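Inside the fold
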Amino acid sequence: MNAILECTNVNKSYGKTDAVRNLGMKLEENTIYGLLGRNGAGKTTLLNMITGGVFPDYGDIAIAGLPLRQGDTPRDICYVREKNFFFGGAKVIEILELASSFHKNWDWTLANELVRTFKLNPNKKIRQLSRGMESLVGNIIGLASRAPLTIYDEPVLGLDVLMREKFYRLLVEDYAEHPRTILLSTHLIDEIAMVVERIYIMDAGTILLDDDVDNIRTHSHLLKGSSEAVRAFTSGKRVIYEENYGNGALVAVYDEIGEAERAQAGRLGITIDGLPLQKFFAYLIEGGEHVE
Ligand SMILES: Nc1ncnc2c1ncn2[C@@H]1O[C@H](COP(=O)(O)OP(=O)(O)OP(=O)(O)O)[C@@H](O)[C@H]1O
């Protein structure tokens, strides 16, 4: 597969804050990715660099094999920002018309269908819309653009649960018919766990981990047992979190545990449970607290 985006050793600082550090990322064609990180992890700074709004202090970004130069606005990307900068006096339809002129794969049939599905009045002005409705305008642009790389920054902020589910369902349906690369950046893993194929986890400006969702599911485990037994069993394994209580220990592991090892764990009195994606993220980033 070809890479639609490649970041190599990308860095960006604001004064003393290293917003993005030594970052590497490679997005293949026709895949849905999640970019996960807490508030302030550096996601928006990274996305702004990928889309040409901010230039890295150093490091390389290539879009579809072409190096991004200062001042470039990559044409293959549709970037749906967390905070839209739509002109408040413009009508919804005018914003869609403007967006259609930027994206060569734009599909008006889909755009109109989505406007109806989300019950938006195309003649309403942007400033008359609720926060959620404004997000929907951005989300419609993301879908109808059918850009080779579509990037959403916190796409469901301000949307109620039904609208969130509807948006993700439509996204997956449209992707199935028109595969392209989609990057969903969020701090809400629960929202995207069912949608994305591969995840990049970002913390303190850098990528902590990237893996297929299926791999994360099969390799993440929560072990409980006596501290001594758990310590012996997990020695040499990739431990992402550990907590001791009395003589017992709870350890989150991100590694393979085979059948023979499971039998051995059973003999040592260790229980092994799977770790839902949400908990995996929480242990990795937060030391066990659930990220809201
Ligand atoms: N223009 C700027 N000037 C100064 N500091 C900035 C600027 N933009 C980002 N930062 C800092 O860089 C770090 C990363 O911020 P960034 O917005 O990229 O994170 P994020 O993961 O997108 O967070 P959020 O989910 O809250 O939007 C933060 O410490 C932030 O305060």
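Residues numbered from 1 in each chain as written. Predicted model: local features only at pLDDT ≥ 70, side-chain atom pairs only at ≥ 80, totals over all residues. Heavy atoms only, no water.

The name given to the chain in an unreviewed UniProt entry is ABC transporter ATP-binding protein, with Paenibacillus mendelii as the source organism.

1. So, the packing of helix H3 (residues 108–117) against helix H4 (residues 131–145)
Heads up, the condition is: What counts as an axis is a line fitted to C-alpha atoms, over the stretch in contact for a helix, and the angles between N-to-C directions run from 0 to 180 degrees. A run of DSSP states H or I qualifies as a helix once it reaches four residues; a run of E qualifies as a strand once it reaches two. Both are numbered from the N-terminal end. Put simply, angles under 35 degrees are roughly parallel, angles over 145 are roughly antiparallel, angles from 65 to 115 are roughly perpendicular, and the rest are oblique. By convention, the crossing between two helices is left-handed when the near helix turns anticlockwise from the far helix through less than a right angle, and right-handed when the turn is clockwise. The contact definition used throughout considers only heavy atoms, calling two residues in contact when any of these lie within 4.5 Å. For this classification, Asp, Glu, Lys and Arg are treated as charged, while Ala, Val, Leu, Ile, Met, Phe, Trp, Tyr, Cys and Pro are nonpolar and the rest, including Gly, are polar.
Interhelical geometry of H3 versus H4 gives an angle of 150° and a closest axis separation of 9 Å. The angle between H3 and H4 falls in the class roughly antiparallel. Every pair of crossing elements has a handedness; the one defined by H3 and H4 is right-handed. Two secondary-structure elements touch here, H3 through Leu110, Ala111, Leu114 and Val115 and H4 through Ile140, Leu143 and Ala144. A per-class count over the contact of H3 with H4 returns seven nonpolar, no polar and no charged.

2. Things to note about the pairing of strand E9 (residues 198–203)
To be explicit about the condition: Here, strands pair whenever DSSP counts at least two bridges between them.
When strand E3 (residues 32–36) meets E9, the two strands line up parallel, connected through four bridges. Of the residues in E9, the one forming a bridge with Leu36 is Ile201. Bridge count between E9 and strand E10 (residues 206–212): six bridges; the pairing is antiparallel. Among the inter-strand pairings, Ile201 is bridged to a residue of E10, identified as Leu209.

3. Thoughts on the layout of surface pockets
The line we're drawing: Computed over the protein atoms alone on a 1 Å grid, cavities are sets of points where a 1.4 Å probe fits but cannot get out and pockets are open sets with protein on both sides within 12 Å along at least five of seven lines; a residue lines them when it has an atom within 4 Å of a point. Grid points are joined across faces, edges and corners, and a volume is the space filled by probe spheres set on the points.
Estimated volume of the largest pocket: approximately 690 Å³. Lining the largest pocket are 22 residues, and of these Cys78, Tyr79, Arg81, Phe102 and His103 sit closest to its centre. Of all elements in the fold, only strand E6 (77–80), helix H2 (92–102) and H4 reach the threshold of two or more residues within the lining of the largest pocket. For the lining of the largest pocket, the per-class residue count stands at 13 nonpolar, seven polar and two charged.

4. As for the packing of aromatic side chains
For clarity, the cut-off: For this analysis, a ring pair means two rings from Phe, Tyr or Trp (six-membered ring only for Trp) whose centres lie within 6.5 Å, classed as stacked if their planes differ by under 30 degrees, edge-to-face if by over 60, and tilted for the remaining angles. Each residue is assigned to one of three classes by its accessible area relative to the maximum for its type, calculated with a 1.4 Å probe on protein chains only: buried under 20%, partly exposed between the two thresholds, exposed over 50%.
With the rule as written, the count across this model stands at six aromatic pairs. Seen in terms of ring centroids, Tyr254 and Phe280 are 5.2 Å apart; in terms of plane orientation they differ by 55°. Their pairing is tilted. With Tyr254 in strand E13 (residues 248–254) and Phe280 in helix H10 (residues 277–286), this residue pair connects regions lying 26 residues apart in the sequence. Take Tyr254 and Phe280: they sit in the same class, and that class is buried.

5. Notes on the site of the ligand
Put simply, the rule is: We call a residue near a molecule or strand when any one of its heavy atoms sits within 4 Å of it. What qualifies as a polar contact is a pair of N or O atoms within 3.5 Å, subject to a donor-acceptor requirement within protein and to the restriction that residues adjacent in sequence count only when both atoms come from side chains.
The local shell around the ligand consists of Tyr14, Thr17, Ala19, Arg38, Asn39, Gly40, Ala41, Gly42, Lys43, Thr44, Thr45 and Glu82. Backbone polar atom of Gly40 to an oxygen atom of the ligand: 2.7 Å apart, as the coordinates give it. Between an oxygen atom of the ligand and a main-chain N or O atom of Gly42, the distance comes to 2.9 Å. The set of elements that each furnish at least two residues to the shell around the ligand consists of strand E2 (17–28) and helix H1 (43–50). Looking at which element gives the most residues to the shell around the ligand, the answer is H1, with three residues. The residue makeup of the shell around the ligand, split by class, is three nonpolar, six polar and three charged.

6. Thoughts on the pattern of salt bridges
Operational definition: In what follows, salt bridge is the name for a side-chain nitrogen of Lys or Arg lying within 4 Å of a carboxyl oxygen of Asp or Glu.
Under the defined criterion, the tally for this structure stands at 12 salt bridges. Between Asp174 and Arg180 there is a salt bridge, and its shortest N-O distance comes to 2.8 Å. When the shortest N-O distance is used, the salt bridge between Lys237 and Glu261 registers 2.9 Å. Of the two residues, Lys237 is situated in the loop between helix H8 (227–234) and strand E12 (239–245) and Glu261 in helix H9 (residues 259–267); the sequence distance between them amounts to 24 residues. One continuous salt-bridge network, built from bridges that share partners, spans Asp107, Arg146, Asp174 and Arg180.

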